[in-house]
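# Architecture and fold: a report
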Amino acid sequence: FSEQMLEKVLKELQPLCTAEQEFIEKFFLLKQDAADLDVLEVSMRTILDEPATRLLSEIFSSLEPELRNFLDVCNKVHPFSCLQVLVTLNDSVFEMWGSSSSLPSSFLDTVLGNMLLLAKSSFNKCIGTLCKEIEEVKVSSKVRGGILPFVIRFEEFVNFSEEVFRLAQRRGELDKALVRLASSVFSSINSLSSANLKANTDMIMMENFHHIHYFLCQKKIGCLEGKEKEAKQRYSQHLEKYVDKYLGQPLEKLNHFFEGVKARVAQGVKEEEVSFHLAYSKQELRKVVEKYPGKEVKRALEMLYRKIHKHLSPEENLLPVVWHAMEQEFMRQYQEFEDLIRRCYAGSGISMDFTMEDLLSYFNSITLSN
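Residues numbered from 1 in each chain as written. Predicted model: local features only at pLDDT ≥ 70, side-chain atom pairs only at ≥ 80, totals over all residues. Heavy atoms only, no water.

## Description of the overall build of the chain
Rules: Numbering of helices and strands runs from the N terminus; a helix is a DSSP stretch of H or I covering at least four residues, while a strand is a stretch of E covering at least two. Working definition: with a 1.4 Å probe on protein chains only, accessible area under 20% of the residue-type maximum means buried, over 50% means exposed, and in between means partly exposed. In this analysis, two residues are considered to be in contact whenever any of their non-hydrogen atoms come within 4.5 Å of each other. Each accessible area is a Shrake-Rupley estimate made with a 1.4 Å probe; only the visible protein chains count as cover when residues are assessed.
For the chain, the helix and strand inventory stands at 15 helices and zero strands. Of all 370 residues assigned to the chain, the portion counted as buried reaches 43%. Nonlocal contacts in the chain, meaning residues at least 24 apart in sequence, comprise 75% of its contacts between residues at least 6 apart. For the chain, the exposed area adds up to about 20,900 Å²; of that, 52% sits on carbon and sulfur atoms.

## Quick look at helix α8 (residues 172-190)
Going by this rule: Given the number of residues in a helix, its expected span is that number minus one, multiplied by 1.5 Å.
Along its 19 residues, α8 runs 27 Å from first to last C-alpha, staying within 8% of the 27 Å computed at 1.5 Å per residue. Those residues of α8 that sit buried are E173, L174, A177, L178, L181, A182, S184, V185, F186, S188 and I189.

## Focus on the packing of aromatic side chains
What counts is decided by this rule: Pairing of aromatic side chains here covers Phe, Tyr and the six-membered ring of Trp, requires ring centres within 6.5 Å, and sorts the geometry by plane angle: under 30 degrees stacked, over 60 edge-to-face, intermediate tilted.
Scanning all chains against the criterion turns up 11 aromatic pairs. Seen in terms of ring centroids, W323 and F363 are 4.9 Å apart; in terms of plane orientation they differ by 45°. Their pairing is tilted. Separated by 40 residues along the polypeptide, W323 in helix α14 (residues 319-344) and F363 in helix α15 (residues 356-368) bring together distant segments of the chain. As far as the burial class goes, W323 and F363 line up, both buried. With 5.5 Å between their ring centres and 40° between their planes, Y334 and F354 make a pair best called tilted. Linking Y334 in helix α14 with F354 in the loop between α14 and α15, this pair joins segments that are 20 residues apart in sequence.

## Let's talk about unusual backbone geometry
If you check the backbone angles, K220 has positive phi at about 55° while not being a glycine. Within the secondary structure, K220 is located in the loop between α9 (201-219) and α10 (225-247). Residue classification places K220 among the exposed residues on the basis of a relative accessible area of 67%. Even without glycine at this site, N317 takes up a positive phi of about 55°. Among the structural elements, N317 can be located in the loop between α13 (294-311) and α14. Exposure remark for N317: the relative accessible area of 54% places this residue in the exposed category.

## Re the environment of E316
Among the structural elements, E316 can be located in the loop between α13 and α14. Between the alpha carbons of E316 and G146 there is a distance of 7.8 Å; along the sequence they are 170 residues apart. Discounting chain neighbours no more than four positions away, the residues touching E316 are I147, E207, H210 and H211.

## Quick notes on the side chain of S313
Relative to the elements of secondary structure, S313 occurs in the loop between α13 and α14. Overall, the relative accessible area of 10% leaves S313 in the buried class. When neighbours within four sequence positions are excluded, S313 is seen to be in contact with G146 and E207.

## Details of the environment of M115
In this fold, M115 is placed in helix α6 (residues 107-135). Spatially, the C-alpha atoms of M115 and L67 are 7.6 Å apart, while their sequence positions differ by 48 residues. Setting aside chain neighbours within four positions, we find M115 in contact with E64, L67, R68, L71 and L89.

## A word on the packing of α13 against α15
Short version of the rule: Lines fitted to C-alpha atoms define the axes, with helix axes restricted to the stretch in contact, and inter-axis angles between N-to-C directions lie between 0 and 180 degrees. Helix crossings fall into two classes, left-handed where the near helix is turned counterclockwise from the far one by less than a right angle and right-handed where it is turned clockwise. In this classification, the charged set is Asp, Glu, Lys and Arg, the nonpolar set is Ala, Val, Leu, Ile, Met, Phe, Trp, Tyr, Cys and Pro, and all remaining amino acids, among them Gly, are polar.
Here α13 crosses α15 at 35°, and the two axes come no closer than 10 Å. In the packing of α13 onto α15, the handedness of the crossing is right-handed. For the pair α13 and α15, contact is made by G294, K295, V297, K298, L301, E302 and Y305 and by L359, Y362, F363, S365 and I366, respectively. Of the residues belonging to the contact of α13 with α15, the class tally is seven nonpolar, two polar and three charged.

## What to know about the packing of helix α11 (residues 252-266) against helix α12 (residues 282-290)
Put simply, the test is: Reported orientations rely on four angle classes, namely roughly parallel under 35 degrees, roughly antiparallel over 145, roughly perpendicular from 65 to 115, and oblique for the rest.
The N-to-C vectors of α11 and α12 enclose an angle of 155°; their axes lie 9 Å apart at closest approach. One way to sum up the angle between α11 and α12 is to call them roughly antiparallel. Here α11 runs over α12; the crossing is left-handed. Residue-level inspection shows K253, L254, F257 and F258 of α11 in contact with α12, the latter providing E284, L285, V288 and V289.

## What to know about the confidence of the model for the chain
Short version of the rule: Confidence of the predictor at the level of single residues is captured by pLDDT, which takes values from 0 to 100.
Per-residue confidence for the chain gives a mean pLDDT of 83; residues scoring 70 or more make up 82%. Per-residue pLDDT stays below 50 along residues 99-104; that stretch engages in four contacts with residues further than four places along the chain or on separate chains.

## Section: the nonpolar core
Where we set the bar: In these notes, a set of buried Ala, Val, Leu, Ile, Met, Phe, Trp, Tyr and Cys residues joined through side-chain atoms within 4.5 Å is what counts as a nonpolar core.
If you look at the biggest cluster of nonpolar residues, it comprises 103 residues, and the most contacted ones within it are L301 and M326. The residues touching M326, leaving out its near neighbours within four places in the chain, are Y242, V243, Y246, L247, L304, I308 and F363.

## What to know about a positive patch on the surface
Note the following rule: Surface patches are drawn from residues lacking salt bridges whose relative accessible area is over 30%; two like charges belong together within 9 Å, two nonpolar side chains (Val, Leu, Ile, Met, Phe, Trp, Tyr) within 5 Å. Salt bridges, as used here, are contacts in which a Lys or Arg side-chain nitrogen is within 4 Å of a carboxyl oxygen on Asp or Glu. Counting rule for charge: Lys and Arg are taken as positive, Asp and Glu as negative, and neither His nor the chain ends is counted. Each charge is placed at NZ for Lys, CZ for Arg, CG for Asp and CD for Glu.
Where like charges cluster on the molecular surface, the positive patch consists of K142, R144, K198, K307 and K310. As for its placement among the helices and strands, R144 is situated in the loop between α6 and α7 (149-164).

This is how it looks when you write it as structure tokens:
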């Protein structure tokens, strides 16, 4: 409503100010050559030396203050009314000045130019306040997951601003603001890594970056393409960290044993000599392998699935994605363990109680039953 009123005011002002300026220029011969004005008295020359805008400023002395007051009222109608005011003034000035870079030629041009600067200042102040709110937000340590409130607020602003600027002739200020806001959002999500949260930090960051990436993919905003790619990258990084943290738990002792084996090889111990180290002997390997019969592995995977299901928020529907990533990493680890047994414990006859085919059936069974 406020932008419609502002547009109406500006449309009614234009013919009034233009007519008055034309009258003054014609009456006082302000567009005549100086050679044609020799007959005029000195007192009249004083008037002629003054620009028409000086006379118009006196005639319309209350115009600019009243417009400033009107803009203040418009900005108070809605938290983001400054966007609508900016678009309306931007379009009005663009239509009056045209696409040329020449200076304003009329009194109203000058007044609207001043109002546009005021509108840009209000807009920048609004964006600055919003960025500060996002950057200084305190996420409760009790948060269990889901999309963070400031991410939702960012999306609401993007949706609102894109609708307001949908037919705008210029959107440079908005593009800069969106990039600035997105940077604040990303910074606040990143700061969670140092927060003392009860929930898994990587899981929360993964979900929120995934949410932002999907949102930006849908909106297709040119200035945010870089942020879209960054969100995807950050989502993938935290997905990997989340998987790495929780995947070691079903086969924790097996993981720990083979990490030690790899460490000895990295230190220069020959692969065929690793088994001669007491902590990594064939007997120790057999003891660890026996702790993980197939049925226990399946049970551990079922517990892992339930834990992941509890962690993740239903609105993002990332459970299938995370579970598939778990499966892929589990298969990779299994293959690595088998390879280490073959290289470092050749001829020992030691093997894990379950095969790759068994693992696939475990994962499929868990997926289908949930």
